[in-house]
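# Breakdown of the fold
So you can see what is in the structure, the chains are spelled out below.
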There are 2 protein chains.
Amino acid sequence: MSRTPLHPTREQIDLPLVLDCLSDPIRLAIVYQLAQQERVSSELCCGDFNGLSGKSNLTYHFAKLRECGLMLTRVAGTNRFMRLRREDMDARFPGLLDAVISSAAKDADRLQLLPECEVVEAD
Amino acid sequence: MSRTPLHPTREQIDLPLVLDCLSDPIRLAIVYQLAQQERVSSELCCGDFNGLSGKSNLTYHFAKLRECGLMLTRVAGTNRFMRLRREDMDARFPGLLDAVISSAAKDADRLQLLPECEVVEAD
DNA sequence: CCCTATGTTCAACGTTTATTGAACTATCGA
DNA sequence: TCGATAGTTCAATAAACGTTGAACATAGGG
């Protein structure tokens, strides 16, 4: 029951499914937060997202993000650690994830995202 | 009743709404087809999409695409001509539209898109 | 002026979605 | 061993979504 959940292979990743996943404000916030964490090359666990919604609702959104191939869950004791499937996404749809994340960053206020770091945009 | 339909201003364009719009296979196909047409700097009318679904269903999808700011409709006689709001999208979310379209191009077969031209990808 | 072609509107429908709370499982530390 | 912590599962619900067909509006050509 606590085995590592299923993820699609790289080739199975489907564009409409990915876009649908990213179109939900809560899931977009999760992805955005994971992208921030990427720079520290570390992971986040479920509890780090408790601000976004209730635990049971988050479990639902995590499953969606996993099933569409956007993120990866690693089980460690009573924790689940998650990170973006950056390499697979970049190989499958080059530039897409970055474009979405920097678009989200531009609208961080409107989307109620934590401005954890400054925007990645260079001039 | 046949006045030009409402479109959001550039600033009103909302990321989750845009992604949601693009996540539907029919709407993605419409956007893809409009993007192909962009190179000829011309427009397409409703009838050009009849292969994708029934007329009444297309009207529904066109409305969604308009309301989220992805495309623009111009009424001319008994026809409606449509094109992408390329400038607004690029200003609002730089790189997003291109990333989605070239991702769709990569999966043209799987998404049942017409391979109207070869893929834009350069090496 | 009628007929046709183009596209919209509306109501109906079945499906999928996001959200909730309560009950549950599993792991860790005292 | 007990209790707290982390997260899942499940059933229920309300809202939104995509699709359909029939009826309608409008413009252009014979």
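The text that follows walks through the structure, step by step, so that each part is easy to find. (Residues numbered from 1 in each chain as written. Chains lettered and ligands numbered in written order. Predicted model: local features only at pLDDT ≥ 70, side-chain atom pairs only at ≥ 80, totals over all residues. Heavy atoms only, no water.)

Turning to the protein's contact with DNA strand C, a few remarks are in order. What surrounds DNA strand C is a group of 21 residues, the closest being R27, Y60 and H61 of chain A together with K55 and T59 of chain B. Of everything in DNA strand C that lies within 4 Å of the protein, sugar and phosphate atoms constitute 64%. Contact between DNA strand C and R27 of chain A: a phosphate oxygen at 2.7 Å from a side-chain N or O atom of the residue. A distance of 2.8 Å is found between a base oxygen of DNA strand C and a side-chain nitrogen or oxygen belonging to S56 of chain A. (Near = heavy atom within 4 Å. Polar contact = N/O pair within 3.5 Å; in protein donor to acceptor, adjacent residues only side chain to side chain.)

All names here are of chain A. All told, the structure shown has 2 aromatic pairs over all chains when counted by the stated rule. Between F49 and F62 the ring centres are 5.6 Å apart and the planes differ by 70°, which places this aromatic pair in the edge-to-face class. Remark: F62 occurs in helix α3 (residues 55-67) and F49 occurs in the loop between β1 (44-45) and α3; sequence separation between them is 13 residues. (Phe/Tyr/Trp six-rings, centres within 6.5 Å; stacked < 30°, edge-to-face > 60°. Helix = DSSP H or I, 4+ residues; strand = E, 2+ residues; numbered from the N terminus.)

Here we come to the packing of helix α2 (residues 25-38) of chain A against α3 of chain A. Residue and element names in this part refer to chain A. Here α2 crosses α3 at 70°, and the two axes come no closer than 10 Å. Relative to α3, α2 is oriented roughly perpendicular. Here α2 contributes I26, R27, I30 and V31 to the contact with α3, which in turn contributes N57, L58, Y60, H61, F62, K64 and L65. Among the residues making up the contact of α2 with α3, the classes are represented as 7 nonpolar, 2 polar and 2 charged. (Axes fitted to C-alpha atoms, helices over the stretch in contact; angles between N-to-C directions. Parallel < 35°, antiparallel > 145°, perpendicular 65-115°, else oblique. Contact = heavy atoms within 4.5 Å. Nonpolar A, V, L, I, M, F, W, Y, C, P; charged D, E, K, R; others polar.)

Attention shifts here to the protein's contact with DNA strand D. By nearness alone, 21 residues border DNA strand D, and K55 and T59 of chain A together with S56, Y60 and H61 of chain B come closest of all. Across the atoms of DNA strand D situated within 4 Å of the protein, the share located in sugar and phosphate is 63%. Within the backbone of C46 of chain A, one N or O atom sits 3.2 Å away from a phosphate oxygen of DNA strand D. Between a sugar or linking oxygen of DNA strand D and a side-chain N or O atom of N79 of chain A, the distance comes to 3.1 Å. Of all elements in the fold, only α3 and β3 (79-84) of chain A together with α2 (25-38) and α3 (55-67) of chain B reach the threshold of two or more residues within the surface near DNA strand D. No other element matches α3 of chain B, which puts 5 residues into the surface near DNA strand D. When its residues are assigned to classes, the surface near DNA strand D shows 5 nonpolar, 11 polar and 5 charged.

Below, the discussion takes up the relation of the copies chain A and chain B. Aligned on chain B, chain A shows an RMSD of 0.0 Å; the corresponding rotation is 180° and the shift along the axis is 0.0 Å. These values place the two chain copies in the arrangement generated by a two-fold rotation axis. (Least-squares fit on C-alpha atoms with pLDDT ≥ 70 in both.)

We now examine the interface of chain A and chain B. Taken together, the contacts link 25 residues of chain A with 25 residues of chain B. Of the roughly 2,000 Å² buried at the junction of chain A and chain B (both faces included), carbon and sulfur atoms supply 58%. When the buried surface of chain A facing chain B is broken down by residue, P16, L19 and R110 of chain A rank first, second and third, together holding 24% of it. The tally of links between chain A and chain B comes to 2 salt bridges. R92 of chain A is the salt-bridge partner of D107 of chain B, the closest N and O atoms lying 2.8 Å from each other. Elements represented by at least two residues in the side of chain A that touches chain B include exactly α1 (15-22), α4 (86-92) and α5 (96-106) of chain A. (Buried area = accessible area lost by both parts, 1.4 Å probe. Salt bridge = Lys/Arg side-chain N within 4 Å of Asp/Glu carboxyl O.)

Moving on, we come to the sheet that holds strand β3 (residues 79-84) of chain B. Residue and element names in this part refer to chain B. Reading across the sheet, the 3 strands line up as β1-β3-β2 and stay open at both edges, with antiparallel pairing between neighbours. The outermost strands of the open sheet, each flanked by one partner alone, are β1 (44-45) and β2 (71-76). Relative to β3, β2 is paired through 6 bridges, and the arrangement is antiparallel. Each bridged residue has a counterpart across the sheet, and for L72 the counterpart in β3 is R83. (Pairing = 2+ DSSP bridges.)

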